[in-house]
Amino acid sequence: MAREILYREALNEALREEMRRDPTVFLMGEGIAERGGSYKVTVDLLKEFSPQRVIDTPIAEASFTGAGVGAAIAGMRPVVEILFIDFTMLILDQIINQAAKYKFMSGGKAPVPFVLRSQGGVGNGLAAQHSESLEALFYHIPGLKVVMPSTPYDAKGLLKSAIRCDEPVIFLEHKLLYMTKGDVPEAEYTINFGQADIKKRGKHATIIAWSNMVPRSLDAAAKLANEGIDVEVIDPRTLVPLDKATILASVRKTERVVIVQEAVRRGGVASDIASIIQAEAFDYLDAPIEIVAGLNSPVPFNLSLESRVVPREEDIINAVKKVMYI
Amino acid sequence: MYTKEFLAQLYKKLYTIRVFESRCIQLYRQGLIRGYFHPYLGEEAIAVGACAAIERHDYITSTHRGHGHCIAKGAKVKFMVAELLGKKTGYCKGLGGSMHIADLAVGNLGANAIVGANLPLGVGAALASSMKKDGKVTVVFISDGASNNGVFSESMNLAAIWNLPLITIVENNQYAVSTPITQSTCEANLFKRGEALGITSQQIDGNDVLTVYETVKNFAEHCRRGEGPFLIEAITFRHGGHHVNDPGLYMPKEKLDYYMSIDPIKRGRQYLLEKGGASDNEVKEIEATVEKNMEEAIRFAQSSDELAFDDFLAIVEGY
Ligand SMILES: Cc1ncc(C[n+]2csc(CCOP(=O)(O)OP(=O)(O)O)c2C)c(N)n1
Ligand SMILES: [Mg+2]
């Protein structure tokens, strides 16, 4: 039986279930215990679990993240929350030099079952230091998994897998998704990494999108359907590992590709996916791959400008028409 | 020993911040201001006392709770309201918003939405002053929460070994969002952290504008003689939650009542009346002027345009 719950509730369930299942799982972050987190993801967990497992930290990001990595090396399964992805800039040494490389440097001996939860994206005028989409930074680093769920169902199943994963996982939520609803089964389930989900089947063109660009692409797809254009929407769900097989199968079918990312255009994951497609399915393409991305700009405070620096529904529609030469 | 004019100036600033925050919170509730808004209500004496004790060309670096610092350092409220409304006439053309107002013309190097990040920037400003020998002092405002971040000890240590003309003011309002200071440190007397680094440090009543003024004035003189840095822990309390949407229910009522009873605005008014010998009418006149100025500022902001998309693109050209 499935019921409709919020994205943030799905995340809460995943944390709760994993904490019940495995006593080594614990949470750390700012305002996550008493207050239940800025976006209410960890709400009420302190009621069920001890303050030792739901830890409110001082504003000491680099150190409590590093402590999480160290605890993971020593056999715990920490889930560390950094309020905004913008603040993960303070913890990069602990993630990139320590967590990502530890297993490798130890000759493959030491697992690092560490999860970093954070959230990004624009939303309601939070301005340049609270609105970034920085998945490409983590995507770039060998040794990290990068997960970006777009629905409550995916959020729950992927977070449970992240917590069970023996390697460091960067789990990136989107602030505009927390209040979105979707069906989530009552029964326990997990979602394997590296399995894309086809959010809508179609035959004329393939849209590849993740995080909050998935609902926006689905909206665009619905409008395009009214014009008789039938697009397929693929959500990779995990950027590392990337489900190349599902993406390439769709490309070979539709022969036209639009990749949508909220992050800025330069140096983004979209460019890398485009390079993979052209290397492995070049002969199938009927048009150059279109990338719809954020402008190469910090995010402005002003709301009208904010809405212009990230892909809009109409930008996605136009890109699909472009690859279809309409 | 204080002139009426001086005390009137202090009171005018205190009252301006109070009115600015109160009116802008109303605008926020009407949906005219979006994003984060962290009121400085209850902490006004710190910014006002500190900025009165330094010169116009001296530097400050500020925080997410920065409106008070900005006004105290000499900003015009109309450009601030315009910024909060996201208008092109705002200090940052509407690109920055509440947490990013900078007013370089009066030495305000800017608010900051990354807790603690304004500390090293302040150290850098003081470093530049010591290299250029320009005689300027830098005042960095932070709060208790930021003092737990690594950048705090690193920055203070740098300032100490380089003898920088830097005064760090820890506005100890006893909370970081909803986390009380007792939960984030085992030594809540934060000035001791300065002492541990060999920095002359002092704990003061942050709700008393004259105490803040005297302390900063004294330290600033030492700084200008090459005897910096200094640390001030100013004890204070927010009048409400962390931001406008936080009712602050976790703040104990007795404590709030106590700090309301030593409200910095009330005390500033008292000083003007008693030490300055101002009449009730003179005080009311100041208040009326401030209120009128604020209403004009709101009208100015509301009638201003937003930055056009093409003008925005011109700014980020080459980014
Ligand atoms: C590096 C960083 N971590 C966390 C936050 C989220 N945050 C914004 S304000 C705040 C509390 C700051 O507390 P304090 O330094 O005491 O300042 P106050 O709000 O009391 O003025 C937090 C945790 C942030 N903006 N930057
Ligand atoms: Mg504080």
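Thresholds applied
Residues numbered from 1 in each chain as written. Chains lettered and ligands numbered in written order. Predicted model: local features only at pLDDT ≥ 70, side-chain atom pairs only at ≥ 80, totals over all residues. Heavy atoms only, no water. Helix = DSSP H or I, 4+ residues; strand = E, 2+ residues; numbered from the N terminus. Rg over C-alpha atoms; globule rule 2.2 N^0.38 Å. Buried < 20%, exposed > 50% of the residue type's maximum accessible area, 1.4 Å probe, protein only. Pairing = 2+ DSSP bridges. Axes fitted to C-alpha atoms, helices over the stretch in contact; angles between N-to-C directions. Contact = heavy atoms within 4.5 Å. Near = heavy atom within 4 Å. Polar contact = N/O pair within 3.5 Å; in protein donor to acceptor, adjacent residues only side chain to side chain. Nonpolar A, V, L, I, M, F, W, Y, C, P; charged D, E, K, R; others polar. Buried area = accessible area lost by both parts, 1.4 Å probe. Salt bridge = Lys/Arg side-chain N within 4 Å of Asp/Glu carboxyl O. Donors = N, O, S within 2.8 Å, 3.2 Å for Na, K, Ca; no water. Tetrahedral: all angles 85-135°; square planar, octahedral: opposite > 155°, others 65-115°. Parallel < 35°, antiparallel > 145°, perpendicular 65-115°, else oblique. 1 Å grid on protein atoms, 1.4 Å probe; cavity = no way out; pocket = protein on both sides within 12 Å on 5 of 7 lines; lining within 4 Å. Points joined across faces, edges and corners; volume = space filled by probe spheres on them. Domains from an automatic or database assignment.

A. Representation of the overall build of chain A. Helix and strand content of chain A: 11 helices and 14 strands. Taken over C-alpha atoms, the radius of gyration comes to 19 Å for chain A, in line with the 20 Å a tight globule of 326 residues would show. Projected onto the principal axes, the alpha-carbon positions of chain A cover approximately 60 × 45 × 45 Å. Looking at chain A residue by residue over its 326 residues, the buried ones come to 60%.

B. Focus on the sheet that holds strand β3 (residues 166–172) of chain B. Residue and element names in this part refer to chain B. With parallel pairing, 5 strands are arranged side by side in an open sheet as β1-β2-β3-β7-β6. Two strands lie at the open edges of the sheet, namely β1 (59–61) and β6 (200–205), each paired on one side alone. Sheet twist, expressed as the average angle between the axes of neighbouring strands with direction ignored, equals 20°. As paired strands, strand β2 (residues 138–143) and β3 are joined by 6 bridges and run parallel to one another. Its bridge partner lying in β3, Phe141 is registered against Ile169. Strand contacts of helix α2 (residues 44–52): β1, β2, β3 and β7 (230–235), with the helix running at about 170° to β2, the strand carrying the most contacts. Across the sheet, helix α5 (residues 118–132) is in contact with β1, β2 and β3; its angle to β2 comes to roughly 170°.

C. Summary view of the site of ligand 1. Near ligand 1, the surroundings consist of 20 residues, among which Glu61 of chain A together with His64, Arg65, Gly145 and Asn173 of chain B are the closest. One nitrogen or oxygen atom from the main chain of Ala113 of chain B is found 2.8 Å from a nitrogen atom belonging to ligand 1. One of the side-chain N or O atoms of Asn173 of chain B is found 2.7 Å from an oxygen atom in ligand 1. Of the residues belonging to the shell around ligand 1, the class tally is 11 nonpolar, 5 polar and 4 charged.

D. Layout of the interface of chain A and chain B. Taken together, the contacts link 31 residues of chain A with 33 residues of chain B. Between chain A and chain B, a total of about 2,600 Å² is buried, with carbon and sulfur atoms accounting for 62% of that surface. The tally of links between chain A and chain B comes to 0 salt bridges. Along the contact surface separating chain A from chain B lie 11 residue pairs in polar contact (both at pLDDT 80 or more). Class assignment of the residues belonging to the side of chain A that touches chain B gives a composition of 18 nonpolar, 8 polar and 5 charged.

E. Spotlight on the sheet that holds strand β5 (residues 115–120) of chain A. All names here are of chain A. Taken in spatial order, the 7 strands line up as β3-β2-β4-β5-β7-β6-β12 in an open sheet, and their pairing is mixed. At either end of the open sheet lies a strand with only one pairing partner, and these are β3 (54–56) and β12 (238–240). When the angles between neighbouring strand axes are averaged without regard to direction, this sheet yields 20°. Relative to strand β7 (residues 169–174), β5 runs parallel, the two sharing 6 bridges.

F. Structural view of the coordination of the magnesium ion (ligand 2). Residue and element names in this part refer to chain B. Protein-derived ligands of the magnesium ion (ligand 2) are Ser143 (OG), Asp144 (OD), Asn173 (OD1) and Tyr175 (O), with the metal-ligand distances lying across 2.1 to 2.3 Å. In this structure, the magnesium ion (ligand 2) is coordinated by 6 donor atoms arranged in octahedral fashion, with angles at the metal of 74 to 177°. We note that the donor set of the magnesium ion (ligand 2) lies within a single chain, spaced as S-D-x28-N-x1-Y. Classification of Asp144 by relative accessible area gives buried; the value is 2%.

G. Fine view of helix α8 (residues 244–254) of chain A. Of the positions making up α8 of chain A, those classed as buried are Thr246, Ile247, Leu248, Ser250, Val251 and Thr254 of chain A. In this structure, the buried side of α8 of chain A is in contact with β9 (197–200), β10 (205–209), β11 (231–235), β13 (257–264) and α9 (269–281) of chain A.

H. Inspection of the packing of helix α3 (residues 61–73) of chain A against helix α4 (residues 92–105) of chain A at higher detail. Residues and elements named next belong to chain A. Packing of α3 against α4 leaves a shortest axis separation of 10 Å and a crossing angle of 5°. Of the possible angle classes, the one that applies to α3 and α4 is roughly parallel. Between α3 and α4, the contacting residues are Ala62, Thr65, Gly66, Val69 and Ile73 on the first element and Gln94, Ile95, Ala99 and Tyr102 on the second. Its residues placed into classes, the contact of α3 with α4 shows 6 nonpolar, 3 polar and no charged.

I. Focus on the pattern of salt bridges. Residue and element names in this part refer to chain B. This model, assessed by the stated rule, comprises 43 salt bridges over all chains. A salt bridge links Glu282 to Lys4, with the nearest nitrogen and oxygen atoms 2.8 Å apart. Placement of Glu282 in helix α12 (residues 280–303) and of Lys4 in helix α1 (residues 4–29) is noted, with a sequence separation of 278 residues between them. In this structure Lys4 comes out as partly exposed when scored by relative accessible area, which is 29%. Between Asp208 and Arg267 there is a salt bridge; the shortest N-O distance is 4.0 Å. Taken as a pair, Asp208 in the loop between β6 and α9 (209–224) and Arg267 in helix α11 (residues 264–274) lie far apart in primary sequence, 59 residues in all.

J. Geometry of empty space enclosed by the protein. Residue and element names in this part refer to chain A. Taken as a whole and judged by the stated rule, the model has 6 cavities of 30 Å³ or more. What lines the largest cavity is a set of 15 residues, and nearest its centre among them are Ser133, Glu135, Met148, His174 and Ser211. When its residues are assigned to classes, the lining of the largest cavity shows 5 nonpolar, 6 polar and 4 charged. The residues that make up the lining of the largest cavity include at least three from each of domain 1 (2–185) and domain 2 (197–323). Volume-wise, the second largest cavity comes out at about 70 Å³. Lining the second largest cavity are 14 residues; nearest its centre among them are Tyr39, Glu81, Leu83, Arg117 and Tyr178. Breaking the lining of the second largest cavity down by element, the ones donating at least two residues are β4 (77–82) and β5. Its residues assigned to classes, the lining of the second largest cavity comprises 5 nonpolar, 5 polar and 4 charged.

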